Number of protein chains: 2
Amino acid sequence: MGMTTEPRFLQACRRQPVDATPVWFMRQAGRYMAEYRAIREKYSLLEIVRQPELAAEVTLQPVRAFDVDAAILFADILLPLQPLGIDFGFYKGEGPRIHNPVRSWDDVARLRPLVPEESLAHVLEAIRLVRAELDGKKPLIGFTGAPFTVASYAIEGGPSKTYKTTKLMMYAAPDLWHAFMEKLSDALAAYIRAQIRAGAQAAQMFDSWVGALSPQDYAEFVLPYSRKVLQAAQAEGVPVIHFGTGTATLLPLMREAGGDVIGLDWRVPLDEGWRTVGYDRAVQGNLDPVALFAPLDVLREKVHDVLRRAGGRPGHIFNLGHGILQHTPPERVQAVVEFVRTYSVQNT
Amino acid sequence: MGMTTEPRFLQACRRQPVDATPVWFMRQAGRYMAEYRAIREKYSLLEIVRQPELAAEVTLQPVRAFDVDAAILFADILLPLQPLGIDFGFYKGEGPRIHNPVRSWDDVARLRPLVPEESLAHVLEAIRLVRAELDGKKPLIGFTGAPFTVASYAIEGGPSKTYKTTKLMMYAAPDLWHAFMEKLSDALAAYIRAQIRAGAQAAQMFDSWVGALSPQDYAEFVLPYSRKVLQAAQAEGVPVIHFGTGTATLLPLMREAGGDVIGLDWRVPLDEGWRTVGYDRAVQGNLDPVALFAPLDVLREKVHDVLRRAGGRPGHIFNLGHGILQHTPPERVQAVVEFVRTYSVQNT
């Protein structure tokens, strides 16, 4: 941690000067790591997240392997659905499938309130275990899916290209949409609040698929619910990261919804993105995950390009523009960490 | 056509004042129409495009049904691949699959030059048939895929979420990428030129998947080849539309690549998009295709929102932000045409 008492990740979230740009990776624990695959040979994804010792172990793997500047809890954005009464499973080659999608007033009326300390106690226990293991050396990020992205799975029944059923609930049954989002955002707010109370030192809200929406629809149907979840996290006194992809035209509204740090994907050059977001917020990003498969010199140049665009301004957290891809060579993850450290020490 | 000699679609492409905002729909011929499904019961997609009479008939169906302001040739962006020596088929539930994807110097060396008058004579014949049928009453738009989007299919072997193999050719084998793009863009330029010489009165270049790229990668690896195809079309003296999705951060570069008309998707509010593109170009768009499933009053409001943002400025062509979706109710397509005509006559 150098001469400071607080980890550089948390300093950067607050736009304080740091000794080197902090770096971590969305989906940094996962199949591209042999250590993770060894555990996945014995347990399914849901088995891992339901056993705190396993979830903690998987969370710590990339911290040990790559010395990243933050751990992020190993979990899935769909976890809060099951205690609400929305059942799902993961199926090879097709991703998650919801068994009872939310389409009607009855479906919404049937939703149970979320009490994370009861139904998601295993997640909170994993947080306590990770914190104990990290022993103050690295901060732990908790996370939740954003209301729109989680709702899109719950309504569509799985991944979607067009989000047709979700958008049609907005357009054809706006009262139903708002009723569902009210309940869902209450649940996600309770979930992230509980994670922070269990020890998460920062929180990220993933609105991965929000880029499917027009700014007009986002403002009317999504912003208030995202704001509720972000404010619940911020009220606990930790920095909050607000992330989405394909958000070039949504950034001003995402800023309005909230977040100390706004996540950028590679479609927005970091300097332009930061200008749009405003320098009174920190930004996180924004290397294309495919760059980690490129030759080392190309990868180095792309990492440097991101850092050059950040310009040494306090408040940049290095990350990819979306999660690490399967089959990413682990040594390239390591290389990115080193490129970021070396460049930012030399240039800031 | 009112009192003018030229169809309003062509006038709008040239930013001339029109009696009503012209409207047509990307993928306006297709499965959502019973007339089309009747033909598809007997013929595959490739059988239709290879028989000029069938292709012409399908092209004309939406013109007859909805009185749209332009016909667009029924074809597929992958058609030029086969004469180059890249074989493909369409497979239920997975879309197109390339049998011999382009990955190596040998693959590129093996590509044959495209002589559209020989290998794609059926497409040119369909254009002549449609022109004869339309008899000057509506203009016919020819089209080609853009080099990046066509290359992404040829390299990935089918649709992709990450475009990993395509981007890695750029990053790891840039000479190979440029050699392939040189040949491919020559072929696509020859193809659109031949369509115009056969009678297409405007041309659209579809770069549907270009939104996967950072502006930096677009500028280095894509722009020069897109420019070549667009210039080949413009050199024939017809207006050219340059279309992509997810392009919010690419619009200034797409403008630089060329096009009399720049296509916008619904992620960019039309007024902001036009400001970014510049008022010395026309714009096309940009209703979310999902809006056509919405209740009529919501659909009307969304059509009006697009037209209000266009502000009656000459040079707006009404369209969706991407192709018509399967199962779209045909009466909603009709309704959009009527909403556009009524509103734009009353307000401009």
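Only a predicted model underlies this, so the values are computations on that prediction, with no experimental measurement involved.

Brief notes about the overall build of chain A
And step 1. Each helix and strand counted, chain A has 17 helices and nine strands in total.
And step 2. The globule rule puts the C-alpha radius of gyration for 348 residues at 20 Å, and the 19 Å found for chain A is close to it.
And step 3. By its C-alpha atoms, chain A is 60 × 45 × 35 Å across when sized along the principal axes.
And step 4. Across the 348 residues that make up chain A, the buried fraction comes to 54%.
And step 5. Long-range contacts, defined as pairs at least 24 residues apart, comprise 72% of the intrachain contacts of chain A with a sequence gap of at least 6.

Some thoughts on the interface of chain B and chain A
And step 1. Contact with chain B, which involves 26 residues of that partner, is made by 26 residues of chain A.
And step 2. Those elements that provide at least two residues to the side of chain B that touches chain A are α10 (164-172), α12 (215-221) and α16 (296-310) of chain B.
And step 3. With five residues, α10(B) is the single largest residue contributor to the side of chain B that touches chain A.
And step 4. Of the residues belonging to the side of chain B that touches chain A, the class tally is 15 nonpolar, six polar and five charged.

Topic: the relation of the copies chain B and chain A
And step 1. When chain B is fitted to chain A, the residual RMSD is 0.0 Å, and the transformation amounts to a turn of 180 degrees plus an axial shift of 0.0 Å. Interpreted geometrically, this transformation is the action of a two-fold axis. Among all residues of chain B, the one whose C-alpha sits closest to the rotation axis is Ala248(B), at a distance of 3.1 Å.
And step 2. Both copies present the same face, since 100% of the interface residues in chain B are matched by interface residues at the equivalent positions in chain A.

Some thoughts on the packing of helix α16 (residues 296-310) of chain A against helix α17 (residues 330-347) of chain A
Residue and element names in this part refer to chain A.
And step 1. Following both chains from N to C, one finds α16 and α17 inclined at 45 degrees, their axes separated by 10 Å at the closest point. For the element pair α16 / α17, the angle class is oblique. Seen along the crossing, α16 lies across α17 with a hand that is right-handed. Counting all contacts with α16, which are made through Leu296, Leu299, Arg300, Val303, His304 and Leu307, the residues of α17 involved are Arg332, Ala335, Val336, Phe339, Val340, Tyr343 and Ser344.
And step 2. In terms of residue class, the contact of α16 with α17 is made up of nine nonpolar, two polar and two charged.

Notes on α10(B)
And step 1. Buried within α10(B) are the following residues: Thr166(B), Lys167(B), Met169(B), Met170(B) and Tyr171(B).
And step 2. Taken together, the buried residues of α10(B) touch α16 of chain A together with α9 (147-156), α11 (174-198) and α12 of chain B.

Remarks on the nonpolar core
And step 1. Formed by 246 residues in total, the largest nonpolar core has its most connected members in Leu73(A), Ala203(A), Leu73(B) and Ala203(B).
And step 2. Among residues more than four places away in sequence, those in contact with Ala203(B) are Ile141(B), Gly142(B), Phe143(B), Ile192(B), Gln195(B), Ile196(B), Ala233(B), Val238(B) and Val240(B).

Concerning the sheet that holds strand β4 (residues 140-145) of chain B
Residue and element names in this part refer to chain B.
And step 1. Across the sheet, which stays open at both edges, the seven strands sit in the order β1-β4-β5-β6-β7-β8-β9 with parallel pairing between neighbours. Of all the strands in the sheet, just β1 (71-72) and β9 (316-320) have a single pairing partner and so form its edges.
And step 2. Pairing of strand β5 (residues 202-207) with strand β6 (residues 240-244) involves five bridges; the strand directions are parallel. Bridge assignment links glutamine 204 to a residue of β6, and that residue is isoleucine 241.
And step 3. Set on the sheet, α11 makes contact with β4 and β5; between it and β4 the angle comes to about 170 degrees.

Concerning unusual backbone geometry
Residues and elements named next belong to chain A.
And step 1. With an omega of -5 degrees, the peptide bond between glycine 285 and asparagine 286 qualifies as cis.
And step 2. Tracing the backbone shows asparagine 286 in strand β8 (residues 282-287).
And step 3. The backbone of arginine 27 shows a phi angle near 55 degrees, a positive value even though the residue is not glycine.
And step 4. Among the structural elements, arginine 27 can be located in the loop between α1 (8-13) and α2 (34-40).
And step 5. Of note in this structure, histidine 327 is not a glycine but carries a positive phi near 70 degrees.
And step 6. With 10 C-beta atoms counted inside 10 Å, the residue histidine 327 sits in the exposed group.

Some details on the pairing of β8(A)
Residue and element names in this part refer to chain A.
And step 1. A large share of β8 lies buried, amounting to six of its six residues.
And step 2. When strand β7 (residues 261-263) meets β8, the two strands line up parallel, connected through three bridges. For valine 261, the partnering residue across the bridge sits in β8 and is alanine 282.
And step 3. Between the parallel elements β7 and β8, the chain passes through helix α15 (residues 270-277) in a crossover that is right-handed.
And step 4. Examined bridge by bridge, β8 and strand β9 (residues 316-320) share five bridges and lie parallel to one another. Bridge pairing in β9 places leucine 287 opposite leucine 320.
And step 5. Crossover handedness for the path β8 to α16 to β9: right-handed.

Structural notes on helix α17 (residues 330-347) of chain B
Residue and element names in this part refer to chain B.
And step 1. In this model, α17 (18 residues) spans 26 Å end to end at C-alpha, consistent with the 26 Å of a helix rising 1.5 Å per residue.
And step 2. Buried within α17 we find Val333, Val336, Val337, Phe339, Val340 and Ser344. The buried residues of α17 all sit within an arc of 160 degrees when viewed along its axis, so they share a single face. The exposed set on the far side of α17, more than 90 degrees from its buried face, consists of Glu331, Val345 and Gln346.

Brief notes about the confidence of the model for chain A
In low-pLDDT regions, the fine details of the predicted coordinates are not to be read closely.
And step 1. Mean pLDDT for chain A: 96, with 99% of residues reaching 70 or above.
And step 2. Here the complex is predicted with pTM 0.96, and the ipTM for its interfaces comes to 0.95.

Quick word on the environment of Ala202(A)
Residue and element names in this part refer to chain A.
And step 1. With respect to the element layout, alanine 202 can be found in strand β5 (residues 202-207).
And step 2. Sequence separation between alanine 202 and arginine 128 is 74 residues, and the spatial gap between their C-alpha atoms is 14 Å.
And step 3. Discounting chain neighbours no more than four positions away, the residues touching alanine 202 are Leu10, Cys13, Pro139, Ile141, Val238, Pro239 and Ile241.

What about the sheet that holds β9(A)?
And step 1. If you walk across this open sheet you meet the seven strands as β1-β4-β5-β6-β7-β8-β9 (chain A), and the pairing is parallel. Two strands bound the open sheet, and with one partner strand each, they are β1 (71-72) and β9 of chain A.

Points about the packing of helix α11 (residues 174-198) of chain A against helix α13 (residues 223-234) of chain A
Residue and element names in this part refer to chain A.
And step 1. Contact pair α11 / α13: the axes reach a minimum separation of 8 Å and the direction vectors enclose 20 degrees. By the angle between their directions, the pair α11 and α13 is classed as roughly parallel. In this structure, the crossing between α11 and α13 has a hand that is right-handed. For the pair α11 and α13, the contacting residues are Met181, Ser185, Leu188, Ala189, Ile192, Arg193 and Ile196 in the first and Tyr225, Lys228, Val229, Ala232 and Ala233 in the second.

Parameters and conventions
Residues numbered from 1 in each chain as written. Chains lettered and ligands numbered in written order. Predicted model: local features only at pLDDT ≥ 70, side-chain atom pairs only at ≥ 80, totals over all residues. Helix = DSSP H or I, 4+ residues; strand = E, 2+ residues; numbered from the N terminus. Rg over C-alpha atoms; globule rule 2.2 N^0.38 Å. Buried ≥ 20, exposed ≤ 12 C-beta atoms within 10 Å, placed from the backbone. Contact = placed C-beta atoms within 7 Å. Nonpolar A, V, L, I, M, F, W, Y, C, P; charged D, E, K, R; others polar. Least-squares fit on C-alpha atoms with pLDDT ≥ 70 in both. Axes fitted to C-alpha atoms, helices over the stretch in contact; angles between N-to-C directions. Parallel < 35°, antiparallel > 145°, perpendicular 65-115°, else oblique. Left-handed = near helix turned anticlockwise from the far one by under 90°. Core = buried A, V, L, I, M, F, W, Y, C linked by C-beta atoms within 7 Å. Pairing = 2+ DSSP bridges. Right-handed = clockwise from strand over helix to strand, strands pointing away. Expected span 1.5 Å × (residues − 1). Arc of directions from axis to C-beta. pLDDT = per-residue confidence, 0-100.

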